Every structure is written in C-alpha cells, then in structure tokens.
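Overview (structure and organization)
Single-letter residue listing:
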Amino acid sequence: MTKHIIELIGAPTDIGASVRGAGMGPDALRVADIAGTLARLGFEVLDRGNLAGPATPWAAPTGGLRHLDEAVAWNRAVYDAVDTALGAGRLPLMMGGDHSLAIGSISAVAWHVRQRKKTLRVLWLDAHTDVNTDGTSPSGNIHGMPVACLLGHGPAALTGWSGQPAALTPDAIRFLGIRSVDADERRAIQAQGLTVFDMRHIDEHGMRNTLTEALQDVDENTHLHVSFDLDCLDPADAPGVGTGVRGGPTYREMQLCMEMLADTGRLGSLDVVELNPALDVRNRTAEVAVELIASLLGQSTLAR
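Described in the following lines is the structure provided in the data block. Nothing here was measured: the structure is a model prediction, and the numbers come from that model.

Another point: the overall build of the chain. In terms of regular secondary structure, the chain is built from nine helices and eight strands. By the compact-globule yardstick of 19 Å for 304 residues, the chain fits well, its C-alpha radius of gyration being 17 Å. Counting all 304 residues of the chain, 56% fall into the buried class. Look at the contacts in the chain between residues 6 or more apart in sequence, and 77% of them connect residues 24 or more apart. Accessible area of the chain: about 11900 Å², with a carbon and sulfur share of 49%. Here the chain contributes 25 positive and 37 negative side-chain charges, whose respective centroids are spaced 3 Å apart.

Here is the structure:
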C-alpha cells in the first residue's frame, strides 16, 4: 500500500443515535493513541481536531425522523472535511460519532471517485444494514438510515449530495457481519438486490472465503471505502457500543478481515463509528479499534 498522508477527522456527535455517548468516540480513539500507532506504521498523520456542530436536542421524532436539521448540519461538516482531505490527496479517517455521519463521508468519497473515473466499493462492517427510511424506522434514529440515504431512498435533505440522486448503486456496497435486520429492511435488501454477508454466511464459509467473495472484483481502478461500525464486533470484544448484538465476528476473525482488506492496496478512505466510551470498560473498545485500524492500514505479524 502506498503510504498516504492520513487525515484524522473527529465528528463528536450522537445526533443520529439512540443513546448518549458516541460523541466522545473521537477523543477515546486519541486516548488509545491512534495517531501514534499510525505514525509508527510509517504514515504522516494530520489530526485536524474535532468538527463543530449543533448539540443533540434528544427530541421526539418529527415526520419519522429525529434531529433531521442537526443531522444535516453535522453531515455537511463531515462532507466538507472529507472533500478537503481527498482533494489534497490524503486518506480521510472519519472518527465518529454515530453511523449517520457516513452520509456525508461517503457522499464526498462518491463525488471524488466519479471525478477520477474510478469504481467505488464500500465495505459496510456492521451488525445492522442501516437501510431503514423515515417510513420504516421504528425509532426515527438516523443512524439506522445512512445506507438508504446513500442509495437515494432517504429524506430529500440527506440525499443527492454526491451530485447524483444516489451516491451509491446497489452493486457498489457489500455488507459484512450483519445479524440484526428489521422486517422492512429485509424486504428492502431483497428488492434492491443488495449483497449481504451475514453471520450465517461467515459461520458456514469462514472469514477468508467471505472476504475473497466480497473483494473478488476489486481491481487497480477501485477506490475502497471501509465504513466500520464497532458494533460489527462481538460485544465480548467490543463492549463500548450503543447497539451491541451478540454473535458477531471474533477479534481474530476481524483481524483477518482487516489484513485481507489491506492486502488489496486499494483503501482510500475510512469511517470508524459508534464507539461509545460511556458504555466501555477502561477504553478497551477504543484500543481494539486502533489495533484493527492498524491492521487495515498494513500492520502484520510478518512481512507478506
């Protein structure tokens, strides 16, 4: 992998989440020495600090959506920061915050990828598919809707940011680690033909074969974006998340996933989201996250 300059972009908000605490995620990653870890791998690391945005009002949903105006403001800030980093030839590492922030992050990536006539592949590492809409979400929490918005099925205020009605086409995204899907989401996945590697698939085929399948058409013209929700991991390894679901990939399975992604040499941008230090144990989840990010960016036991 070419040694990019990595730009750390903190987005300290839980605007789309169901519980408080994800807004402390960026600083927990800093406490776990994300910058020093990546510098020791040979990267130049620029930490642009934390973005600013509105406070979370913790209001009831309006029209099936909680905190829409605030979510738009935060995602605009993320979009602008990721856009600037990519425009400068850097690898943006967006540190959330909750997963609704991927709307701004991936929209900016999609615009840049299209300008460069490359192919975008998003790997969505998550316990959830996040394809709810304001019409199907039982809670109105926007962190359950980013994929729908990126596919062009969200509210008008959160779609079309990449210059196209949808930032992503269904064949541009692969889901991995999924084990909690609402009934309406299940129907949307089938209707849109989305490729989902759920935990049964990983159990039956193993992480190596699953990743090989997910990456089979990634080539030198592919920009790989990884959107890493820490609740993808089993809560036994990553307790500091707001919506943990038992039965996720183990630490070793996720290490293999990250190392195989690094082997492609195609990583161009990264989200790390849903780290909730208020629910963590002595910053353990942040430390696990930094170890996995290091593997994604090329750290390995032996030279391969």
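Across a sheet, strands are paired by hydrogen bonds formed along the backbone, either parallel or antiparallel in direction. With respect to topology, eight strands assemble into an open sheet ordered S2-S1-S3-S8-S7-S4-S5-S6, the strand pairing being parallel. Two strands lie at the open edges of the sheet, namely strand S2 (44–50) and strand S6 (195–198), each paired on one side alone. Neighbour to neighbour, the strand axes of the sheet diverge by 15° on average, direction disregarded. Of the strand pairs in this sheet, strand S4 (residues 119–125) and strand S7 (residues 222–229) are connected by seven bridges, and their pairing is parallel. Counted as the bridge partner of Leu123 is Val226 from S7. Along the sheet face, helix H7 (residues 199–214) touches S4, strand S5 (173–178) and S6 and points at about 125° away from the line of S6.

In total, this model carries nine salt bridges according to the counting rule given. Here Arg30 makes a salt bridge to Asp27, at a shortest N to O gap of 2.7 Å. Note that Arg30 and Asp27 are positioned in helix H1 (residues 25–31) at a spacing of three residues, about one turn of the helix. With a closest N to O distance of 2.9 Å, Asp33 and Arg40 form a salt bridge. The exposure class of Asp33 is partly exposed, given its relative accessible area of 31%. Given a relative accessible area of 62%, Arg40 falls into the exposed group. Three or more residues are tied together by salt bridges with common partners; here these are Glu7, Arg48 and Arg90.

Quick look at the packing of aromatic side chains now. The geometry of an aromatic ring pair is captured by two quantities: the separation of the ring centres and the angle between the planes. Under the definition given, this model contains one aromatic pair. Relative to Trp161, the ring of Tyr79 lies with its centre 6.4 Å away and its plane at 75°, an arrangement referred to as edge-to-face. Residue Tyr79 is located in helix H3 (residues 68–87), and its partner Trp161 is located in the loop between helix H5 (146–150) and S5; the two are separated by 82 residues in the primary sequence. Judged by its relative accessible area of 9%, Trp161 is buried.

Attention shifts here to the pairing of S5. Within S5, six of the six residues are buried, which leaves the element mostly enclosed by the surrounding structure. Bridging between S4 and S5 involves four bridges; their strand directions are parallel. Its bridge partner lying in S5, Val122 is registered against Ile173. Bridging between S5 and S6 involves four bridges; their strand directions are parallel.

This paragraph deals with helix H9 (residues 284–296). Over its 13 residues, H9 runs 18 Å from end to end, which matches the ideal 18 Å to within 8%, given 1.5 Å per residue. Of all the 13 residues making up H9, 10 are buried; the element is thus mostly covered by neighbouring parts of the structure. Looking at H9, one finds that the buried residues are Thr285, Ala286, Val288, Ala289, Val290, Leu292, Ile293, Ala294, Ser295 and Leu296. Contacts made by the buried residues of H9 are with H1, helix H2 (34–40), strand S3 (91–96), S7, helix H8 (251–264) and strand S8 (267–273). Following H9 by one or two positions, Gly298 has its phi on the positive side, about 115°.

Bringing helix H6 (residues 183–192) into the picture now. All of the buried residues along H6 are Glu185, Ala188 and Ile189. Angularly, the buried residues of H6 cover 100° about the axis, an arc narrow enough to put them on a single face. Opposite the buried face of H6, at more than 90 degrees from it, the exposed residues are Arg186, Arg187, Gln190 and Ala191. In this structure, the buried side of H6 is in contact with S6. In the segment just after H6, Gly193 is the residue with positive phi, at about 65°.

Thresholds, definitions, all that
Residues numbered from 1 in each chain as written. Predicted model: local features only at pLDDT ≥ 70, side-chain atom pairs only at ≥ 80, totals over all residues. Heavy atoms only, no water. Helix = DSSP H or I, 4+ residues; strand = E, 2+ residues; numbered from the N terminus. Rg over C-alpha atoms; globule rule 2.2 N^0.38 Å. Buried < 20%, exposed > 50% of the residue type's maximum accessible area, 1.4 Å probe, protein only. Contact = heavy atoms within 4.5 Å. Areas by Shrake-Rupley, 256 points an atom, 1.4 Å probe, with all protein chains shown as cover. Lys, Arg positive; Asp, Glu negative; His and termini not counted. Charge placed at Lys NZ, Arg CZ, Asp CG, Glu CD. Pairing = 2+ DSSP bridges. Axes fitted to C-alpha atoms, helices over the stretch in contact; angles between N-to-C directions. Salt bridge = Lys/Arg side-chain N within 4 Å of Asp/Glu carboxyl O. Phe/Tyr/Trp six-rings, centres within 6.5 Å; stacked < 30°, edge-to-face > 60°. Expected span 1.5 Å × (residues − 1). Arc of directions from axis to C-beta.

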